[in-house]
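Residues per chain are reported as follows:
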Amino acid sequence: MAAAGTNGADPTVSGGTHESVSVGRKRSHAESLLPIKPMKEHVLPITPPLKKPTICKPAPFDYDEEAIREREACNYSQKITLEMARAGKAPRAVRVYADGIYDLFHQGHARQLMQAKNLFPNVYLIVGVNSDAMTHERKGRTVMTEDERYEAVRHCRYVDEVITACPWTLDDEFLEKHKIDFVAHDDIPYTTGSATDVYAHIKARGMFVSTERTEGVSTSDVVSRIVKDYDVYVRRNLARGYSAKELNVSYINEKKYRLQNKIDDLKKKGKEMFEDIEGKRTDLIMKWEEKSREFIDAFLMLFGRDGRLTQYLTEKKDSVMMALSPPSSPKAGSQSSEDCSSPPAKTSRFDFSGRAGASLVDDDYSDDDDEEPESH
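Residues numbered from 1 in each chain as written. Predicted model: local features only at pLDDT ≥ 70, side-chain atom pairs only at ≥ 80, totals over all residues. Heavy atoms only, no water.

- The name given to the protein chain in an unreviewed UniProt entry is choline-phosphate cytidylyltransferase, and the organism recorded there is Scylla paramamosain.
- According to the UniProt record, the Sequence similarities (unreviewed entry) comment for the protein chain reads "Belongs to the cytidylyltransferase family." (UniProt positions renumbered as here; feature names shortened; annotations may be inferred.)

1. Focus on the overall build of the protein chain
Then step 1. For the protein chain, the count of helices and strands is 15 helices and 7 strands.
Then step 2. Across the protein chain, the fraction of contacts at a sequence separation of at least 24, relative to all contacts at a separation of at least 6, is 63%. (Helix = DSSP H or I, 4+ residues; strand = E, 2+ residues; numbered from the N terminus. Contact = heavy atoms within 4.5 Å.)

2. A few points about a nonpolar patch on the surface
Then step 1. On the surface, a cluster of nonpolar side chains totalling about 430 Å² of accessible area is made up of Phe-295, Ile-296, Phe-299 and Leu-300.
Then step 2. Residue position: Phe-295 is located in helix α11 (residues 251-303). (Patch = residues over 30% accessible without salt bridge, like charges linked within 9 Å, V, L, I, M, F, W, Y side chains within 5 Å. Areas by Shrake-Rupley, 256 points an atom, 1.4 Å probe, with all protein chains shown as cover. Salt bridge = Lys/Arg side-chain N within 4 Å of Asp/Glu carboxyl O.)

3. Description of the packing of aromatic side chains
Then step 1. Applying the stated criterion to the full structure yields 6 aromatic pairs.
Then step 2. Measuring from centroid to centroid gives 6.4 Å for Trp-168 and Tyr-190, while their planes differ by 40 degrees, and the two rings are tilted. Remark: Tyr-190 occurs in the loop between β6 (182-186) and α8 (200-204) and Trp-168 occurs in the loop between β5 (161-164) and α7 (172-177); sequence separation between them is 22 residues.
Then step 3. On the basis of an interplanar angle of 50 degrees and a centroid distance of 5.9 Å, the ring pair of Tyr-199 and Phe-208 is categorised as tilted. Accessibility classification places Tyr-199 together with Phe-208 in one group, the buried group.
Then step 4. Against the face of Tyr-76 rests Lys-79, its NZ or CZ located 3.6 Å from the ring centre. (Phe/Tyr/Trp six-rings, centres within 6.5 Å; stacked < 30°, edge-to-face > 60°. Buried < 20%, exposed > 50% of the residue type's maximum accessible area, 1.4 Å probe, protein only. Lys NZ or Arg CZ within 6 Å of the ring centre and 35° of its normal.)

4. Considerations on helix α10 (residues 230-239)
Then step 1. What α10 keeps buried is the set Val-234, Arg-235, Asn-237 and Leu-238. Across the axial projection of α10, the buried residues extend over an arc of 165 degrees, all falling on one side. Residues Val-232 and Ala-239 are exposed on α10 and point more than 90 degrees away from its buried face. (Arc of directions from axis to C-beta.)

5. With respect to the sheet that holds β5
Then step 1. Strand order in the open sheet made by the 5 strands is β5-β4-β3-β6-β7, with parallel pairing throughout. The open sheet terminates on both sides in strands that have one partner only, identified here as β5 and β7 (208-211). Adjacent strand axes in the sheet meet at a mean angle of 30 degrees when their direction is disregarded. (Pairing = 2+ DSSP bridges. Axes fitted to C-alpha atoms, helices over the stretch in contact; angles between N-to-C directions.)

6. Digging into the pattern of salt bridges
Two side chains carrying opposite charge are able to pair once their charged atoms lie near each other.
Then step 1. Going through the model one piece at a time under the given rule, you end up with 13 salt bridges.
Then step 2. We note a salt bridge from Glu-161 to Arg-71, for which the minimum N-O separation is 3.4 Å. Taken together, the residues Glu-161 in strand β5 and Arg-71 in helix α2 (residues 65-73) connect sequence positions 90 residues apart.
Then step 3. With a relative accessible area of 14%, Arg-71 lands in the buried category.
Then step 4. Across the pair Asp-160 and Lys-117 runs a salt bridge whose closest N-O atoms are separated by 2.6 Å.

7. Points about the environment of Lys-179
Then step 1. Here Lys-179 lies in the loop between α7 and β6.
Then step 2. Lys-179 sits in the buried class, given a relative accessible area of 17%.
Then step 3. In this structure, the C-alpha to C-alpha distance between Lys-179 and Tyr-97, residues 82 residues apart in sequence, is 9.6 Å.
Then step 4. With residues up to four places along the chain from it excluded, the contact list for Lys-179 reads Arg-71, Glu-72, Cys-74, Tyr-76 and Arg-95.
Then step 5. In terms of polar contacts, Lys-179 uses its side chain to reach the backbone carbonyl oxygen of Arg-71, at 2.9 Å. (Polar contact = N/O pair within 3.5 Å; in protein donor to acceptor, adjacent residues only side chain to side chain.)

8. What to know about the side chain of Gln-112
Then step 1. You can see Gln-112 is positioned in helix α4 (residues 107-117).
Then step 2. The exposure class assigned to Gln-112 is buried, which follows from its relative accessible area of 12%.
Then step 3. Aside from chain neighbours lying at most four places away, what touches Gln-112 is Ala-98, Tyr-102, Ala-184 and Thr-211.

9. Quick word on the nonpolar core
Then step 1. Counting residues in each nonpolar core, the largest one holds 24 residues, and the members touching the most others are Leu-113, Phe-120, Leu-125 and Val-159.
Then step 2. Only β3 (94-100), α4, β4 (123-129), α6 (146-154) and β6 provide two or more residues apiece to this core.
Then step 3. The contact partners of Phe-120, leaving out residues within four places of it in the chain, are Leu-82, Ala-85, Arg-86, Val-94, Val-96, Phe-182 and Val-209.
Then step 4. Of all hydrophobic cores here, the second largest spans 17 residues; its members include Tyr-124, Ile-163, Leu-170 and Met-207. (Core = buried A, V, L, I, M, F, W, Y, C linked by side-chain atoms within 4.5 Å.)

10. Some words on unusual backbone geometry
Then step 1. Positive phi is not limited to glycine here, since Tyr-102 has a value of about 60 degrees.
Then step 2. By the secondary structure assignment, Tyr-102 is in the loop between β3 and α4.
Then step 3. One non-glycine residue, Ala-165, adopts positive backbone phi at about 50 degrees.
Then step 4. Following the sequence through the fold, Ala-165 ends up in the loop between β5 and α7.
Then step 5. According to the relative accessible area criterion, Ala-165 is partly exposed, its value standing at 46%.

11. Structural notes on the pairing of β4
Then step 1. Burial within β4 is extensive, with 7 of its 7 residues counted as buried.
Then step 2. Neither face of β4 is left uncovered, since the one carrying Val-123, Leu-125, Val-127 and Val-129 and the one carrying Tyr-124, Ile-126 and Gly-128 both have all their residues buried.
Then step 3. Taken together, β3, α4 and β4 form a β-α-β motif whose crossover is right-handed.
Then step 4. With 4 bridges joining them, β4 and β5 adopt parallel strand pairing. Across the sheet, Gly-128 pairs through a bridge with Ile-163, a residue of β5. (Right-handed = clockwise from strand over helix to strand, strands pointing away.)

Rendered as structure tokens:
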């Protein structure tokens, strides 16, 4: 039986070597005398396993083993120019650094990190997050703690490594330690109250790459919304179980907010009750309309022009008419139709002339109006 994939060729096995016969012809006697050469085994190239993307896990901190191993494997002596990085000719991954406070991590932060990750074809993105002490000193209070901000950044899909408690101003020692090739930030001078741009010396060294800000959203905007709707958020958190002390609310304001919550609950329940009644009323009307249609249909089916009663009366018309008005019976004798139809003449006296003893009756009871009474 031919082996699969040989198209009918019958390979023989001898001493662990395979002799393949050319397809479509047999070996000649001279060829059979030649020694059989073993076939060279085809060895597939071994590809290294793909690196697990950071999207499947949080990015490591700079002191974690994974980040240290990645940093030590980087040959920082190979300087990468901006033209080389943009052309995709860098001999290794381009280490791009972006820093910030990242308080109330929002889509503006995510878009900035996405731009930094996609500056060049092969980017290893390092993100520095300022500590609470540094932020409170240089800019002001934060809503989230430093640990919360570290965790928020390291769970962003574009981040490969997080540096905690990063410095406010980058010096050469910091750049050398973390083997940073380029620094990404928006092009607006970042002075924070001073006249000097924090990234001025980075721009002078040609290591600065600009990203675009997301207009209309920032941490300050989010905080402004919270302050604007302060009463709403306080009432909501009181309803969720927070105490007035935790929300920094006075006793009088607490009672006011709780009373407003009670009023809103009553309004909500009243609205739900009204909607429930309205729904039941609507259902009742719909059912009544359905029943009324059925009643009208049944009435028309029975009493309509083509109804069952009309059909019955039409079919039984002759019988019904005979039952309601039967014909009159004929009279005996030869009396004419006029005599039959005309009623008898009305008389004021009884006529006894045709009877026996009529004369006696006439003599006795006649009252002749024409005779004059005798005078005595």
